[in-house]
Amino acid sequence: MNLKKFGRAVLSAVMALSVVACAQQPAKEETKNEPVSILCPTGAPSLAVLGAVGDENVTIEYTEGTDLLTAELAKADSAYDIIVAPTNLGTKIYANTQAYNLEAVLTWGNLYMVGPEGTDLSSANIAAFGEKAVPQLVFKKVYPELNPTYYASVQEAQQALLTGKADVALLAQPVAAATIAKAKEAGKEFTVLSNLQALYQKTTGNKNIGYPQASLFVKAGNQDKVQNVLSSISTFLTDTKEEAIREKIEMAGVENLGIPNAEIAVKTWAAQNINYQPAKSCKEDIVSFLQVFGMELPEGLIME
(Lines give C-alpha, C1' and ligand atoms only; values in the text may rest on other atoms or scores of the structure.)
Protein backbone atom coordinates (compact mmCIF):
# COMPACT_ATOMS: atom_id res chain seq x y z
CA MET A 1 0.00 0.00 0.00
CA ASN A 2 1.45 3.40 -1.01
CA LEU A 3 1.35 6.44 1.28
CA LYS A 4 -1.60 7.98 -0.56
CA LYS A 5 -3.75 4.86 -0.18
CA PHE A 6 -2.65 4.49 3.43
CA GLY A 7 -3.71 8.07 4.20
CA ARG A 8 -7.13 7.44 2.65
CA ALA A 9 -7.56 4.30 4.76
CA VAL A 10 -6.70 6.15 7.96
CA LEU A 11 -9.10 8.97 7.08
CA SER A 12 -11.89 6.48 6.36
CA ALA A 13 -11.31 4.76 9.71
CA VAL A 14 -11.41 8.06 11.59
CA MET A 15 -14.63 9.08 9.83
CA ALA A 16 -16.21 5.71 10.63
CA LEU A 17 -15.37 6.09 14.31
CA SER A 18 -16.80 9.60 14.30
CA VAL A 19 -20.05 8.36 12.79
CA VAL A 20 -20.32 5.64 15.43
CA ALA A 21 -19.61 8.15 18.23
CA CYS A 22 -22.22 10.54 16.88
CA ALA A 23 -24.72 7.72 16.58
CA GLN A 24 -24.09 6.68 20.15
CA GLN A 25 -24.39 10.16 21.65
CA PRO A 26 -28.14 10.62 20.96
CA ALA A 27 -28.76 7.19 22.46
CA LYS A 28 -27.18 8.40 25.71
CA GLU A 29 -29.33 11.52 25.63
CA GLU A 30 -32.40 9.39 24.94
CA THR A 31 -31.61 7.32 28.03
CA LYS A 32 -31.52 10.50 30.11
CA ASN A 33 -34.91 11.55 28.73
CA GLU A 34 -36.64 8.20 28.99
CA PRO A 35 -39.96 8.23 30.87
CA VAL A 36 -39.53 7.43 34.57
CA SER A 37 -42.38 6.13 36.70
CA ILE A 38 -42.56 6.52 40.49
CA LEU A 39 -44.84 4.82 43.00
CA CYS A 40 -45.05 6.67 46.30
CA PRO A 41 -47.11 6.56 49.50
CA THR A 42 -49.08 9.63 50.53
CA GLY A 43 -47.98 11.85 53.43
CA ALA A 44 -44.37 12.77 54.20
CA PRO A 45 -42.91 10.38 51.56
CA SER A 46 -44.90 12.17 48.85
CA LEU A 47 -43.37 15.48 49.94
CA ALA A 48 -39.92 13.90 49.74
CA VAL A 49 -40.25 13.45 45.94
CA LEU A 50 -41.59 16.94 45.19
CA GLY A 51 -38.40 17.60 43.26
CA ALA A 52 -39.65 15.27 40.52
CA VAL A 53 -43.07 16.95 40.27
CA GLY A 54 -43.49 18.91 37.04
CA ASP A 55 -40.87 16.94 35.09
CA GLU A 56 -42.53 16.02 31.79
CA ASN A 57 -40.62 12.74 31.71
CA VAL A 58 -41.76 11.65 35.18
CA THR A 59 -45.06 10.07 36.20
CA ILE A 60 -45.83 9.80 39.91
CA GLU A 61 -48.57 7.56 41.26
CA TYR A 62 -49.58 8.05 44.91
CA THR A 63 -51.03 5.28 47.02
CA GLU A 64 -52.41 4.83 50.54
CA GLY A 65 -51.33 1.87 52.62
CA THR A 66 -48.70 -0.69 51.67
CA ASP A 67 -50.62 -3.26 49.59
CA LEU A 68 -49.61 -1.87 46.19
CA LEU A 69 -46.07 -1.14 47.37
CA THR A 70 -45.69 -4.74 48.56
CA ALA A 71 -47.00 -6.18 45.30
CA GLU A 72 -44.82 -4.03 43.03
CA LEU A 73 -41.59 -4.36 45.01
CA ALA A 74 -41.83 -8.11 44.50
CA LYS A 75 -42.08 -7.87 40.70
CA ALA A 76 -38.98 -8.07 38.55
CA ASP A 77 -41.16 -6.83 35.67
CA SER A 78 -42.87 -4.01 37.58
CA ALA A 79 -43.70 -0.92 35.54
CA TYR A 80 -42.24 1.36 38.22
CA ASP A 81 -38.63 2.51 37.98
CA ILE A 82 -38.68 3.98 41.50
CA ILE A 83 -40.72 2.90 44.50
CA VAL A 84 -40.75 4.83 47.77
CA ALA A 85 -41.55 2.48 50.64
CA PRO A 86 -40.93 1.81 54.32
CA THR A 87 -37.28 0.80 54.65
CA ASN A 88 -38.11 -2.41 56.49
CA LEU A 89 -40.72 -3.41 53.89
CA GLY A 90 -38.43 -2.89 50.90
CA THR A 91 -35.63 -4.73 52.67
CA LYS A 92 -37.80 -7.72 53.55
CA ILE A 93 -39.06 -8.10 49.99
CA TYR A 94 -35.58 -7.69 48.46
CA ALA A 95 -34.34 -10.63 50.49
CA ASN A 96 -36.70 -12.82 48.45
CA THR A 97 -36.75 -11.15 45.03
CA GLN A 98 -33.71 -8.86 44.52
CA ALA A 99 -35.97 -6.74 42.31
CA TYR A 100 -35.32 -3.28 43.83
CA ASN A 101 -32.15 -1.84 45.35
CA LEU A 102 -32.17 0.60 48.25
CA GLU A 103 -30.81 3.84 46.77
CA ALA A 104 -31.46 6.48 49.45
CA VAL A 105 -33.28 7.23 52.68
CA LEU A 106 -35.83 10.04 52.28
CA THR A 107 -37.63 10.46 55.60
CA TRP A 108 -36.27 10.07 59.11
CA GLY A 109 -39.45 9.88 61.17
CA ASN A 110 -42.20 12.36 61.99
CA LEU A 111 -43.69 11.02 65.22
CA TYR A 112 -44.59 13.27 68.16
CA MET A 113 -46.49 12.99 71.41
CA VAL A 114 -49.21 15.64 71.59
CA GLY A 115 -51.32 16.71 74.58
CA PRO A 116 -51.74 19.34 77.31
CA GLU A 117 -48.45 20.84 78.48
CA GLY A 118 -47.08 19.19 81.61
CA THR A 119 -48.97 15.90 81.17
CA ASP A 120 -47.43 13.00 83.08
CA LEU A 121 -47.10 10.29 80.43
CA SER A 122 -46.70 7.54 83.01
CA SER A 123 -50.32 7.94 84.12
CA ALA A 124 -51.87 9.24 80.90
CA ASN A 125 -54.34 7.47 78.64
CA ILE A 126 -52.38 7.41 75.37
CA ALA A 127 -53.85 6.98 71.88
CA ALA A 128 -51.48 5.66 69.23
CA PHE A 129 -51.47 4.24 65.70
CA GLY A 130 -49.32 1.91 63.63
CA GLU A 131 -49.63 -1.26 65.67
CA LYS A 132 -47.11 -3.91 64.57
CA ALA A 133 -45.53 -1.32 62.25
CA VAL A 134 -42.85 1.39 62.52
CA PRO A 135 -44.78 3.71 64.90
CA GLN A 136 -45.31 0.96 67.49
CA LEU A 137 -41.76 -0.39 67.28
CA VAL A 138 -40.22 3.06 67.59
CA PHE A 139 -42.58 3.93 70.44
CA LYS A 140 -41.63 0.79 72.38
CA LYS A 141 -37.96 1.53 71.74
CA VAL A 142 -38.14 4.95 73.40
CA TYR A 143 -41.02 4.34 75.83
CA PRO A 144 -40.74 0.66 76.83
CA GLU A 145 -42.67 1.29 80.06
CA LEU A 146 -45.79 2.80 78.41
CA ASN A 147 -48.78 0.88 77.00
CA PRO A 148 -50.92 2.99 74.68
CA THR A 149 -54.25 2.07 73.09
CA TYR A 150 -53.77 1.52 69.37
CA TYR A 151 -56.19 2.85 66.76
CA ALA A 152 -56.49 1.87 63.12
CA SER A 153 -55.10 5.15 61.76
CA VAL A 154 -53.42 8.38 62.79
CA GLN A 155 -56.72 10.16 62.11
CA GLU A 156 -58.51 7.93 64.64
CA ALA A 157 -55.80 8.57 67.24
CA GLN A 158 -56.22 12.28 66.55
CA GLN A 159 -59.99 12.07 67.12
CA ALA A 160 -59.47 10.17 70.37
CA LEU A 161 -57.40 13.09 71.65
CA LEU A 162 -59.73 15.80 70.35
CA THR A 163 -62.85 14.15 71.80
CA GLY A 164 -61.28 13.48 75.20
CA LYS A 165 -61.10 9.70 74.89
CA ALA A 166 -57.35 10.03 75.35
CA ASP A 167 -55.16 12.40 77.33
CA VAL A 168 -52.26 12.23 74.88
CA ALA A 169 -51.80 10.96 71.33
CA LEU A 170 -48.91 9.65 69.29
CA LEU A 171 -49.28 11.54 65.99
CA ALA A 172 -47.32 12.10 62.80
CA GLN A 173 -46.61 15.48 61.28
CA PRO A 174 -48.35 17.34 59.74
CA VAL A 175 -51.35 15.78 61.55
CA ALA A 176 -49.80 16.75 64.90
CA ALA A 177 -49.75 20.44 63.95
CA ALA A 178 -53.27 20.25 62.54
CA THR A 179 -54.47 18.66 65.79
CA ILE A 180 -53.00 21.45 67.91
CA ALA A 181 -54.71 24.01 65.65
CA LYS A 182 -58.09 22.22 65.81
CA ALA A 183 -57.88 21.94 69.59
CA LYS A 184 -57.22 25.67 69.87
CA GLU A 185 -60.38 26.40 67.86
CA ALA A 186 -62.29 24.33 70.43
CA GLY A 187 -60.71 26.18 73.35
CA LYS A 188 -58.16 23.49 74.21
CA GLU A 189 -54.41 24.03 74.48
CA PHE A 190 -52.27 21.19 73.18
CA THR A 191 -48.55 21.14 72.53
CA VAL A 192 -45.80 18.77 71.39
CA LEU A 193 -44.72 16.89 74.51
CA SER A 194 -41.88 14.91 72.98
CA ASN A 195 -40.02 14.29 69.74
CA LEU A 196 -39.64 10.52 69.21
CA GLN A 197 -36.92 11.04 66.60
CA ALA A 198 -34.63 12.81 69.08
CA LEU A 199 -35.40 10.18 71.72
CA TYR A 200 -34.61 7.40 69.23
CA GLN A 201 -31.24 8.93 68.39
CA LYS A 202 -30.45 9.27 72.10
CA THR A 203 -31.44 5.65 72.73
CA THR A 204 -29.55 4.14 69.80
CA GLY A 205 -26.63 6.54 69.35
CA ASN A 206 -27.38 6.86 65.62
CA LYS A 207 -25.55 9.44 63.52
CA ASN A 208 -28.76 10.98 62.18
CA ILE A 209 -31.68 12.27 64.23
CA GLY A 210 -34.49 9.79 63.82
CA TYR A 211 -34.59 6.53 61.92
CA PRO A 212 -34.62 5.61 58.20
CA GLN A 213 -38.39 5.31 57.91
CA ALA A 214 -39.10 5.69 54.19
CA SER A 215 -36.55 4.96 51.48
CA LEU A 216 -36.24 5.23 47.74
CA PHE A 217 -35.85 1.90 45.95
CA VAL A 218 -34.70 1.70 42.33
CA LYS A 219 -35.57 -1.17 40.02
CA ALA A 220 -32.49 -3.35 39.54
CA GLY A 221 -30.63 -2.31 36.40
CA ASN A 222 -32.38 1.05 36.07
CA GLN A 223 -29.87 3.14 38.06
CA ASP A 224 -28.52 4.99 34.99
CA LYS A 225 -32.01 5.65 33.68
CA VAL A 226 -33.17 7.42 36.85
CA GLN A 227 -30.02 9.39 37.75
CA ASN A 228 -31.41 12.72 36.55
CA VAL A 229 -34.60 12.21 38.55
CA LEU A 230 -32.67 11.25 41.68
CA SER A 231 -30.57 14.38 41.27
CA SER A 232 -33.71 16.54 40.99
CA ILE A 233 -35.21 15.00 44.13
CA SER A 234 -31.98 15.40 46.11
CA THR A 235 -31.30 18.96 44.94
CA PHE A 236 -34.82 20.12 45.81
CA LEU A 237 -34.52 18.77 49.35
CA THR A 238 -31.03 20.24 49.78
CA ASP A 239 -31.99 23.76 48.75
CA THR A 240 -35.65 23.94 49.75
CA LYS A 241 -37.47 27.27 49.62
CA GLU A 242 -40.96 27.82 51.05
CA GLU A 243 -42.34 29.23 47.81
CA ALA A 244 -40.92 26.30 45.85
CA ILE A 245 -42.61 23.85 48.23
CA ARG A 246 -45.96 25.62 47.82
CA GLU A 247 -45.61 25.67 44.05
CA LYS A 248 -44.79 21.97 43.81
CA ILE A 249 -47.64 21.03 46.18
CA GLU A 250 -50.11 23.00 44.08
CA MET A 251 -48.85 21.23 40.96
CA ALA A 252 -49.22 17.80 42.57
CA GLY A 253 -52.48 18.53 44.44
CA VAL A 254 -52.91 18.26 48.22
CA GLU A 255 -55.53 15.54 47.75
CA ASN A 256 -52.99 13.40 45.86
CA LEU A 257 -50.25 14.00 48.41
CA GLY A 258 -52.53 13.15 51.33
CA ILE A 259 -51.78 16.30 53.35
CA PRO A 260 -54.19 18.84 54.93
CA ASN A 261 -52.91 21.83 52.94
CA ALA A 262 -49.77 23.47 51.57
CA GLU A 263 -49.33 25.92 54.43
CA ILE A 264 -49.21 23.26 57.11
CA ALA A 265 -46.75 21.25 55.03
CA VAL A 266 -44.46 24.29 54.84
CA LYS A 267 -44.91 25.07 58.54
CA THR A 268 -44.01 21.53 59.61
CA TRP A 269 -41.36 20.86 56.97
CA ALA A 270 -38.44 20.69 59.41
CA ALA A 271 -40.45 18.55 61.86
CA GLN A 272 -41.12 15.97 59.14
CA ASN A 273 -37.39 15.18 58.90
CA ILE A 274 -37.30 14.91 55.12
CA ASN A 275 -33.65 14.43 54.25
CA TYR A 276 -32.17 12.70 51.18
CA GLN A 277 -29.27 10.52 52.30
CA PRO A 278 -27.61 8.01 49.91
CA ALA A 279 -28.02 4.59 51.49
CA LYS A 280 -24.32 3.79 51.34
CA SER A 281 -23.56 6.90 53.43
CA CYS A 282 -25.96 5.95 56.27
CA LYS A 283 -25.58 2.18 56.19
CA GLU A 284 -24.99 1.93 59.95
CA ASP A 285 -28.27 3.70 60.74
CA ILE A 286 -30.11 1.37 58.36
CA VAL A 287 -28.56 -1.70 59.99
CA SER A 288 -29.51 -0.39 63.45
CA PHE A 289 -33.09 0.28 62.33
CA LEU A 290 -33.50 -3.16 60.80
CA GLN A 291 -32.38 -4.73 64.07
CA VAL A 292 -35.49 -3.26 65.72
CA PHE A 293 -37.44 -5.56 63.38
CA GLY A 294 -35.13 -8.51 63.99
CA MET A 295 -33.82 -8.15 60.44
CA GLU A 296 -30.37 -8.14 58.87
CA LEU A 297 -29.17 -6.14 55.87
CA PRO A 298 -29.29 -8.45 52.80
CA GLU A 299 -26.17 -8.59 50.67
CA GLY A 300 -26.60 -6.51 47.50
CA LEU A 301 -29.54 -4.44 48.77
CA ILE A 302 -27.39 -1.30 48.86
CA MET A 303 -25.31 -0.81 45.73
CA GLU A 304 -21.80 0.32 46.68
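Just above sits the structure.
Residues numbered from 1 in each chain as written. Predicted model: local features only at pLDDT ≥ 70, side-chain atom pairs only at ≥ 80, totals over all residues. Heavy atoms only, no water.

Student: Quick question: what am I supposed to make of the sheet that holds strand β10 (residues 214-219) here?
Tutor: Sheet strands line up and pair through hydrogen bonds in the backbone, either parallel or antiparallel. Read from one edge to the other, the open sheet built from six strands follows the order β2-β1-β3-β10-β4-β11, with strand pairing classed as mixed. Edge strands, defined here as strands with exactly one partner in the open sheet, are β2 (58-63) and β11 (274-278). Here the average twist between neighbouring strands, direction ignored, is 25 degrees. Sheet analysis places strand β4 (residues 100-107) next to β11, joined by three bridges and oriented antiparallel. Looking at the pairing, valine 105 lines up with glutamine 277 of β11. (Pairing = 2+ DSSP bridges. Helix = DSSP H or I, 4+ residues; strand = E, 2+ residues; numbered from the N terminus. Axes fitted to C-alpha atoms, helices over the stretch in contact; angles between N-to-C directions.)

Student: Hey, could you run me through the environment of valine 229 in this one?
Tutor: Here valine 229 shows up in helix α9 (residues 227-238). With 180 residues separating them in the primary sequence, valine 229 and valine 49 have C-alpha atoms 9.4 Å apart. Leave out the neighbours within four places in its chain, and valine 229 touches Val36, Ile38, Ala52, Val58 and Ile82. (Contact = heavy atoms within 4.5 Å.)

Student: Is there a simple way to think about helix α8 (residues 196-204) in this case?
Tutor: Since the α-helix packs 3.6 residues into each turn, any two residues three or four apart lie on the same face. Regarding α8, the residues found buried are Leu196, Gln197 and Tyr200. The buried residues of α8 occupy an angular sector of 100 degrees when projected down its axis, which confines them to one face. On its buried face, α8 is in contact with β5 (111-115), α5 (134-142), β8 (168-172), β9 (191-195) and α13 (283-292). (Buried < 20%, exposed > 50% of the residue type's maximum accessible area, 1.4 Å probe, protein only. Arc of directions from axis to C-beta.)

Student: I'm lost on the layout of surface pockets in this one. Help?
Tutor: Gaps left between atoms are located by rolling a probe of water-molecule size over the structure's atoms. If you add up the space inside the largest pocket, you get close to 1,200 Å³. Lining the largest pocket are 44 residues; nearest its centre among them are Pro41, Thr42, Gly65, Phe129 and Gln213. The residue makeup of the lining of the largest pocket, split by class, is 23 nonpolar, 17 polar and four charged. (1 Å grid on protein atoms, 1.4 Å probe; cavity = no way out; pocket = protein on both sides within 12 Å on 5 of 7 lines; lining within 4 Å. Points joined across faces, edges and corners; volume = space filled by probe spheres on them. Nonpolar A, V, L, I, M, F, W, Y, C, P; charged D, E, K, R; others polar.)

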